[in-house]
Amino acid sequence: MAISRNFQILRLDYLSVSSVLFLSTKPAQLKNTQSQLKPALVSLQNETSVKPISSRTTFKQHPFTVTYLISSCGLSLESAISASEKVRFQSPERPDLVLALLRNYGFSRTQISNLIRKRPVLLLSNPHSTLLPKLEFFQSIGLSSSDLARTLSADPTLLIRSLENQLIPTYEFLKSVLLSNEKIVSALKRTTWILLEDPSKNLMPNIAYLRELGVPQNCISLLLTHFPEAVMQKQEDFCGIVREVKEMGFEPRKTTFVLAVHALSGKGNKLIWDKCFEVYKRWGWSKEDILTAFRKHPHSMMLSEKKIMTSMDYFVNKMGWPSRAIAQRPVVLFFSLERRIIPRCSVFRILLSEGLVKDDFSLTTVLLPVEKRFLERFVIKYLEEVPELLSVYQGKVKLEGL
């Protein structure tokens, strides 16, 4: 009975909202308003549960705000009630201007709904003196309209922070390190915290530590551009990882040094590292084999178990190559099995069976060359002897046993 009563209360709340919309809307606007009442495609997974009694009370206290959030922002009843606890208004003038500005900058209805649900207080921001300068700033550093809408709707905190005291000073520091807006945008798209966190807290001391060790500018730029969260770790954690990488034998002046730092950064990456270690052990690799592969290609310790297993199975059981030999050339594990490994190895096996090549060819000789070079060396060169070779490479013909 309690569940039934609560459902009826929520139903009455929804009908109340609809009634307010109906009574407050001019006939010419009614059709458009009704269409706006369609459920928005917004996830409520992280929303705080709304109790029916407080929902009804909240709506009665702030009917205009709740109604506006539903009709103009696309929020659900529950989200609108929750948002009305954080922002309240009796006139649509300011919120209308904010929504118009967002639409003018390419925000979709769903993106606006997401943004307002997360930061409803933005509806009361001054669109011209507060929001517009920030939108212009993000566009000026190279964010496209689509990236701008996607990034800000995912994390509207960027629109809350001060332009003069936070966003611009942090941007200027990043520019001094990365030297180009393109790289800054790349880092921003990976984590918005690159502009939200005070750089003096972790970024500056961590980058300074890398420079002390002799890590060159291009390697620091690579790490910060593609893996910014690694450089944003607490200074103590970051320095510990850097020291560990150095003790493993990595040369600070090489790109592999910062890639190894990334591979060992964060709990998630460390769990993946441990899992890869266990998978390689299954294939008979020693600890030194694994560390050898890691030194040669640090991201070999970030591959999925499925990727490692399928590639190793093909190389070892299908091609007959020694398992431990792959530790010396871990780059081959990154190639697509279907698009590169199988087509090229199929060609190689045919040539080997015909006695046209020797079996002392290495993995990298077959798999590393660009396609044009591979075709010239292993396909076109032998078409007279093996006319079906190109069809085998293209996957049009599968020979028995291959």
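What counts, and where the lines are drawn
Residues numbered from 1 in each chain as written. Predicted model: local features only at pLDDT ≥ 70, side-chain atom pairs only at ≥ 80, totals over all residues. Heavy atoms only, no water. Helix = DSSP H or I, 4+ residues; strand = E, 2+ residues; numbered from the N terminus. Contact = heavy atoms within 4.5 Å. Areas by Shrake-Rupley, 256 points an atom, 1.4 Å probe, with all protein chains shown as cover. Phe/Tyr/Trp six-rings, centres within 6.5 Å; stacked < 30°, edge-to-face > 60°. Buried < 20%, exposed > 50% of the residue type's maximum accessible area, 1.4 Å probe, protein only. Lys NZ or Arg CZ within 6 Å of the ring centre and 35° of its normal. Core = buried A, V, L, I, M, F, W, Y, C linked by side-chain atoms within 4.5 Å. Arc of directions from axis to C-beta. Axes fitted to C-alpha atoms, helices over the stretch in contact; angles between N-to-C directions. Parallel < 35°, antiparallel > 145°, perpendicular 65-115°, else oblique. Left-handed = near helix turned anticlockwise from the far one by under 90°. Nonpolar A, V, L, I, M, F, W, Y, C, P; charged D, E, K, R; others polar. Salt bridge = Lys/Arg side-chain N within 4 Å of Asp/Glu carboxyl O. pLDDT = per-residue confidence, 0-100.

J.: Help me out: how do you make sense of the overall build of the protein in this one?
T.: On a plain count of helices and strands, the protein comes out with 25 helices and zero strands. When contacts within the protein are restricted to residue pairs at least 6 apart in sequence, long-range pairs at least 24 apart make up 71% of them. Just so you have it, the protein exposes about 21,100 Å², and 53% of that area is on carbon and sulfur atoms.

J.: I tried to follow the packing of aromatic side chains on my own but got confused; where do I start?
T.: Remark: the centre distance and the inter-plane angle together describe each pair of aromatic rings, the angle taken between the planes. According to the stated counting rule, one finds 13 aromatic pairs in the structure shown. Judged by centre distance (6.1 Å) and plane angle (50°), the rings of F315 and W321 are tilted. When sorted by exposure, F315 lands in the same class as W321, which is buried. Taken together, the ring pairs connect F250, W273, F277 and F294 into an aromatic cluster. Taking the ring centre of F335 as reference, the NZ or CZ of R340 above it sits at 4.4 Å.

J.: When you look at unusual backbone geometry in this model, what are you seeing that I'm missing?
T.: Where the residue is not glycine, phi is negative for most of them; where a peptide bond is considered, it is trans in most cases. Phi is positive for L179, close to 70°, though the residue is something other than glycine. Judged by relative accessible area, which is 58%, L179 ranks as exposed.

J.: How should I be thinking about the nonpolar core in this particular structure?
T.: Soluble globular proteins tend to bury their nonpolar side chains together. F138, W285 and F315 are the most contacted members of the largest nonpolar core, which has 118 residues in total. Once you skip the residues sitting within four places of it in the chain, F315 turns out to touch G320, W321, I326, V332, L333, I341, L363 and L367.

J.: Help me understand helix α24 (residues 371-379) in this model?
T.: For an α-helix, the turn length of 3.6 residues means that residues three or four places apart are oriented alike. Listed as buried for α24 are F374, L375, F378 and V379. Taken down its axis, α24 places every buried residue within 100° of arc, on the same side. Buried-residue contacts for α24 involve α22 (337-353), α23 (363-367) and α25 (389-393).

J.: Explain the packing of helix α7 (residues 109-118) against helix α9 (residues 145-154) here, please?
T.: For any two helices packed against each other, the geometry is given by the interaxial angle and the distance between the axes. At a closest axis distance of 8 Å, the pairing of α7 and α9 adopts a crossing angle of 30°. Judged by the angle between their axes, α7 and α9 are roughly parallel. For the element pair α7 and α9, the recorded crossing hand is left-handed. Across from Q111, N114, L115 and K118 in α7, the residues of α9 making contact are A149, R150, L152, S153 and A154. A breakdown of the residues in the contact of α7 with α9 according to their chemical character gives four nonpolar, three polar and two charged.

J.: Would you mind going over the packing of α22 against α24 with me for this structure?
T.: In the contact formed by α22 and α24, the axes pass within 11 Å of each other and the chain directions differ by 15°. By the criterion of interaxial angle, the relationship of α22 to α24 is roughly parallel. Handedness of the α22/α24 crossing: left-handed. Contacts from R344, V347 and L351 in α22 reach E371, F374, F378 and V379 in α24. Considered class by class, the residues forming the contact of α22 with α24 number five nonpolar, no polar and two charged.

J.: Teacher, can you tell me more about the pattern of salt bridges here?
T.: Opposite charge on two side chains permits them to pair, given that their charged atoms come into close proximity. According to the stated counting rule, one finds nine salt bridges in the structure shown. Close ionic contact of K275 with E278 constitutes a salt bridge, the shortest N to O distance being 3.5 Å. One end of the pair, K275, and the other, E278, are both in helix α18 (residues 266-282), three residues apart, so they sit about a helical turn from each other. For K275, a relative accessible area of 37% puts it in the partly exposed group. Exposure remark for E278: the relative accessible area of 34% places this residue in the partly exposed category. Between E288 and R295 there is a salt bridge whose closest N-O contact spans 3.1 Å. Taken together, the salt bridges that share partners define one network made up of K275, E278, R282 and E305.

J.: Just to check I follow, could you spell out the side chain of S311 for this structure?
T.: One can find S311 in helix α20 (residues 305-318). Filtering out sequence-adjacent residues up to four positions away, S311 remains in contact with L333 and I341.

J.: Can you help me understand helix α11 (residues 181-190) in this one?
T.: Listed in full, the buried residues belonging to α11 are I184, V185, S186, A187 and L188. Contact partners of the buried residues in α11: α8 (127-140), α10 (163-178), α12 (193-196), α14 (217-226) and α15 (228-231).

J.: Please explain the environment of Q90 as it appears in this structure.
T.: Assignment of secondary structure puts Q90 in the loop between α5 (77-84) and α6 (93-104). Taking C-alpha positions, Q90 is 6.2 Å from F64, a pair spaced 26 residues apart along the chain.

J.: Help me understand the environment of P216, please; the structure alone is not making it clear to me.
T.: Tracing the backbone through its elements, the reader meets P216 in the loop between α13 (203-212) and α14. Sequence separation between P216 and P252 is 36 residues, and the spatial gap between their C-alpha atoms is 8.0 Å. Aside from chain neighbours lying at most four places away, what touches P216 is P252 and R253.

J.: It is not clear to me how the environment of V121 should be interpreted in this structure. Could you clarify?
T.: Topologically, V121 is positioned in the loop between α7 and α8. Sequence spacing of V121 and R88 is 33 residues, and the spatial spacing of their C-alpha atoms is 8.6 Å.

J.: Mind showing me how you'd approach the confidence of the model for the protein here?
T.: When pLDDT drops low, the exact placement of atoms in the prediction is not to be read closely. Put simply, the protein has an average pLDDT of 86, and 84% of its residues get 70 or more. The low-confidence segment residues 1-53, where pLDDT is below 50, has 49 contacts with residues more than four positions distant or belonging to other chains.

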